[in-house]
Amino acid sequence: MSLHQLSIYALCGSLRQVSTSRRLLEALRDGAPDGVSIEICTPAAGLPIFNPDDEGDRTPLSVRAFAEKIRAADGLIVSCPEYAHGIPGSFKNALDWLVSRDEVPFKPVMFAHASHRGDLVLELLAEVLTTMSLRIVPEAFLRLPLAGRSDEAQREILEAARRDGVLAASLVRFRRAVLATER
Ligand SMILES: Cc1cc2nc3c(=O)[nH]c(=O)nc-3n(C[C@H](O)[C@H](O)[C@H](O)COP(=O)(O)O)c2cc1C
């Protein structure tokens with residue numbers, strides 16, 4: 001990591017075309033302060049179903065490419081909906097591919113949550129990611145109630161968050177935590 005540039009890989013847990021989780025990530029990317037760049041991906045879209053028999057030499061190219069993006073990033077953002085009190089299966093599948101690999105341990109991660117509900121998925125993600133030895137940065141947590149709102153209302157909430165500096169403030173807190181551990 002350069003002292004001036006923090007490179008973040010943002011994982012969207014929803015496959016929906018009009019995903020509020022993705023809209024939140026896009027707003028973070030577009031409102032990122034100087035020195036922070038964000039690339040968004042939807043890992044569930046391109047990965048096969050996890051099978052431990054397909055690890056090692058047999059690891060699919062799509063998984064290798066995903067893992068390399070994570071290795072190259074200084075930190076991750078996870079934005080993921082709650083499905084039936086759980087982590088969406090497609091997103092958990094993407095995480096499962098990473099469990100036995102060496103890219104994720106100690107990687108800093110912040111949560112961006114696009115719903116006023118779904119506290120359970122936050123708890124479950126924290127449990128899973130901590131088990132995978134990622135380092136959650138709680139002070140960077142960002143929550144905006146986009147879910148269930150009209151496109152217009154979502155736009156207004158995101159615009160207000162940008163104007164009031166809420167988006168940038170989360171990223172600044174995240175950057176501070178990442179830099180503190182790099183020293
Ligand atoms: C199949 C399904 C199950 C859901 N289950 C829950 C749930 O258990 N708890 C909850 O708070 N929201 C639940 N929701 C609502 C989503 O979590 C919420 O709409 C979320 O913001 C969708 O994220 P997205 O816009 O990024 O796709 C569910 C939605 C779907 C489609």
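Structure first, text after, so check above.
Cut-offs applied
Residues numbered from 1 in each chain as written. Predicted model: local features only at pLDDT ≥ 70, side-chain atom pairs only at ≥ 80, totals over all residues. Heavy atoms only, no water. Salt bridge = Lys/Arg side-chain N within 4 Å of Asp/Glu carboxyl O. Helix = DSSP H or I, 4+ residues; strand = E, 2+ residues; numbered from the N terminus. Near = heavy atom within 4 Å. Polar contact = N/O pair within 3.5 Å; in protein donor to acceptor, adjacent residues only side chain to side chain. Areas by Shrake-Rupley, 256 points an atom, 1.4 Å probe, with all protein chains shown as cover. 1 Å grid on protein atoms, 1.4 Å probe; cavity = no way out; pocket = protein on both sides within 12 Å on 5 of 7 lines; lining within 4 Å. Sits in = over half its atoms within 2 Å of the grid points. Nonpolar A, V, L, I, M, F, W, Y, C, P; charged D, E, K, R; others polar.

Some thoughts on the pattern of salt bridges
If you walk through the whole model with that rule in mind, you get 12 salt bridges. One salt bridge connects Lys69 with Glu39, and the closest N-O pair in it is separated by 3.0 Å. Within this pair, whereas Lys69 is found in helix 2 (residues 61–72), its partner Glu39 is found in strand 2 (residues 36–41), the two being separated by 30 residues in sequence. Measuring nitrogen to oxygen at the nearest pair gives 2.7 Å for the salt bridge that ties Lys92 to Asp96. Of this pair, Lys92 and Asp96 both sit in helix 3 (residues 89–98), 4 residues apart, which is roughly one turn of the helix.

Considerations on the site of the ligand
In the vicinity of the ligand there are 13 residues, among which Ser14, Arg16, Ser19, Thr20 and Ser21 approach most closely. One nitrogen or oxygen atom from the main chain of Ala84 is found 2.9 Å from a nitrogen atom belonging to the ligand. Protein coverage of the free-state accessible area of the ligand, which is 640 Å², stands at 69%. Structurally, the ligand is housed in the largest pocket. Classifying every residue of the shell around the ligand by side-chain character gives 4 nonpolar, 6 polar and 3 charged.

These results come straight from atomic positions and should not be treated as a statement about function.
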